[in-house]
2 protein chains.
Amino acid sequence: MIASATPADGDGIINVTSNIEVFSPEENECVAELWNEFILKGSRESGYSFLVARESGRVAGFACYGPRALTSGTFDLYWIAVDPRARRKGLGKELLASVEAGVINDGGRLVIVETSGQEKYDQTRAFYIAAGYTLEATVKDFYQQEDDLVIFTKHV
Amino acid sequence: MIASATPADGDGIINVTSNIEVFSPEENECVAELWNEFILKGSRESGYSFLVARESGRVAGFACYGPRALTSGTFDLYWIAVDPRARRKGLGKELLASVEAGVINDGGRLVIVETSGQEKYDQTRAFYIAAGYTLEATVKDFYQQEDDLVIFTKHV
């Protein structure tokens, strides 16, 4: 079941991020920062909306998205993650569909996903392609030398 | 003369932005927000560095840049602007060169510039091309329908 996150979901979200193999400590810290902004200021003022996938009351996955400043109707999907123990059940797909529904509900028209071109993100990129996203642009050596930024988009 | 901005430059910077024809009220507001963060927290904690070009003690132009989160050595040039009354003297070029020197000084290797693909930004894009930037990627309909994001990069 996908739902808007409540303050009680914070520990569960942080717990999921710490279980994601490909997330670096800096990335975990970034999720925590966005969560803290969201809790402190709320969705509208922080610009971050969090959704959670719950299984037996436990947070099994989450997504964070929000409007991109200075655009009209463009939203960033900042994070989407499913606990490795809860995979292959379609939770990622459900979370992504809920993000898109949320974007439409907020008057959005375009979803942007930024990810890495590295081999360890092959599955991540395949996930977005399968969900109807287009590989729209690449910025070489963005994250570091030999680690490109890959930008996916979907008109919703 | 290009120098690091001091708190006294705030009014001059806001004044320059309000004189830029292509800046929208939202963009002026965004410059003010970054400036306030910089004044409140300082360059390191805010992530924003401001440079100013002064003429007879007056702020004639400015630039704002900073490290991109989750990257190693990639910096965003957030804003660069020269007062229309102070143009054709090379201040923009001087500001850009100083940004690049600042990025190198901070251990950076790649500068990213995001701008619009609209016709009214033709001169802006020509400015970056002339300064050795590469048009690296385009995201269609990013700012709004028919208004693309154009990403320039330069290895410094």
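What counts and what doesn't
- Residues numbered from 1 in each chain as written.
- Chains lettered and ligands numbered in written order.
- Predicted model: local features only at pLDDT ≥ 70, side-chain atom pairs only at ≥ 80, totals over all residues.
- Heavy atoms only, no water.
- Helix = DSSP H or I, 4+ residues; strand = E, 2+ residues; numbered from the N terminus.
- Rg over C-alpha atoms; globule rule 2.2 N^0.38 Å.
- Buried < 20%, exposed > 50% of the residue type's maximum accessible area, 1.4 Å probe, protein only.
- Lys, Arg positive; Asp, Glu negative; His and termini not counted.
- Charge placed at Lys NZ, Arg CZ, Asp CG, Glu CD.
- Pairing = 2+ DSSP bridges.
- Axes fitted to C-alpha atoms, helices over the stretch in contact; angles between N-to-C directions.
- Contact = heavy atoms within 4.5 Å.
- Least-squares fit on C-alpha atoms with pLDDT ≥ 70 in both.
- Parallel < 35°, antiparallel > 145°, perpendicular 65-115°, else oblique.
- Left-handed = near helix turned anticlockwise from the far one by under 90°.
- Nonpolar A, V, L, I, M, F, W, Y, C, P; charged D, E, K, R; others polar.
- Arc of directions from axis to C-beta.
- Core = buried A, V, L, I, M, F, W, Y, C linked by side-chain atoms within 4.5 Å.
- Buried area = accessible area lost by both parts, 1.4 Å probe.
- Salt bridge = Lys/Arg side-chain N within 4 Å of Asp/Glu carboxyl O.
- Polar contact = N/O pair within 3.5 Å; in protein donor to acceptor, adjacent residues only side chain to side chain.
- 1 Å grid on protein atoms, 1.4 Å probe; cavity = no way out; pocket = protein on both sides within 12 Å on 5 of 7 lines; lining within 4 Å.
- Points joined across faces, edges and corners; volume = space filled by probe spheres on them.

A. Main features of the overall build of chain A. In terms of helices and strands, chain A carries four helices and seven strands. Each helix (α) and strand (β) of chain A, taken in turn from the N terminus, gives the series β-α-α-β-β-β-α-β-α-β-β. Expected size for 156 residues packed as a compact globule is a radius of gyration near 15 Å; at 15 Å, chain A falls within 12% of this value. Buried positions account for 51% of the 156 residues belonging to chain A. A distance of 6 Å separates the average location of the 15 positive side-chain charges in chain A from that of its 23 negative side-chain charges.

B. Layout of the sheet that holds strand β3 (residues 58-67) of chain B. Residues and elements named next belong to chain B. Sheet architecture is open: seven strands sit in the order β1-β2-β3-β4-β5-β7-β6, paired in mixed fashion. Unpaired on one side and paired on the other, β1 (2-4) and β6 (134-144) mark the two borders of the sheet. Neighbouring strand axes in the sheet, compared pairwise and without regard to direction, differ in orientation by 30° on average. Sheet topology places strand β5 (residues 110-116) next to strand β7 (residues 147-155); seven bridges connect them, and they run antiparallel. The partner of V111 across the bridge, within β7, is K154. Strand contacts of helix α3 (residues 91-105): β1, β2 (49-55), β3, β4 (74-82), β5 and β7, with the helix running at about 160° to β4, the strand carrying the most contacts.

C. Focus on the relation of the copies chain A and chain B. Relative to chain B, chain A is turned by 180° and slid 0.0 Å along the rotation axis, the superposed coordinates differing by an RMSD of 0.0 Å. Seen this way, the second copy is the image of the first under a two-fold rotation axis. Relative to the rotation axis, the closest C-alpha in chain A is found at A137(A), a distance of 2.6 Å. Both copies contact each other with a shared surface, as 100% of the interface residues of chain A are interface residues in chain B too.

D. Just the packing of helix α1 (residues 10-19) of chain B against helix α2 (residues 25-46) of chain B, in detail. Residue and element names in this part refer to chain B. The geometry of α1 relative to α2 is characterised by a closest axis approach of 9 Å and an angle of 160° between their N-to-C directions. Taken together, the axes of α1 and α2 are roughly antiparallel relative to one another. Relative to α2, α1 is oriented so that their crossing is right-handed. Residues G10, I13, I14, T17 and S18 of α1 pack against N28, V31, A32 and W35 of α2. A class-by-class count of the residues in the contact of α1 with α2 yields five nonpolar, four polar and no charged.

E. Just α1(B), in detail. All names here are of chain B. Those residues of α1 that sit buried are G10, G12, I13, V16 and T17. Projected down its long axis, α1 shows its buried positions confined to an angular sector of 165°, all on one face. On its buried side, α1 packs onto α2, β2, β3 and β4.

F. Broad picture of the nonpolar core. One finds L77(A), Y128(A) and Y133(A) to be the most contacted residues of the largest nonpolar core, which totals 22 residues. Going through the elements one at a time, β2 (49-55), β3 (58-67), β4 (74-82), α3 (91-105), β5 (110-116) and β7 (147-155) of chain A are the ones with two or more residues in this core. Ranked by residues supplied to this core, first place goes to α3(A) with five residues. Counting 21 residues, the second largest nonpolar core, distinct from the first, contains A63(B), Y65(B), F75(B) and L77(B).

G. Broad picture of the interface of chain A and chain B. Of the residues lining the interface, 26 residues belong to chain A; the matching set on chain B comes to 26 residues. Both sides of the chain A and chain B interface together cover about 2000 Å² of buried area, and 60% of this is carbon and sulfur. One can count four salt bridges joining chain A with chain B. The closest approach of N and O atoms between R68(B) and E114(A), which form a salt bridge, is 3.8 Å. Here chain A and chain B share 10 residue pairs in polar contact (both at pLDDT 80 or more) between them. Here the element with the most residues in the side of chain A that touches chain B is strand β6 (residues 134-144) of chain A; it accounts for nine residues.

H. How the structure looks around the layout of surface pockets. All names here are of chain A. The volume enclosed by the second largest pocket comes to roughly 180 Å³. S43, R44, G47, Y48, S49, P67, F75 and D106 together form the lining of the second largest pocket. Of the residues assigned to the lining of the second largest pocket, the class counts are three nonpolar, three polar and two charged.

I. Molecular detail of the environment of E21(B). All names here are of chain B. You can see E21 is positioned in the loop between α1 and α2. For E21, a relative accessible area of 55% translates into the label exposed. For E21 and K120, which are 99 residues apart along the polypeptide, the C-alpha to C-alpha distance reads 9.8 Å. Here E21 is in contact with P84 and R87, once residues within four sequence places are set aside.

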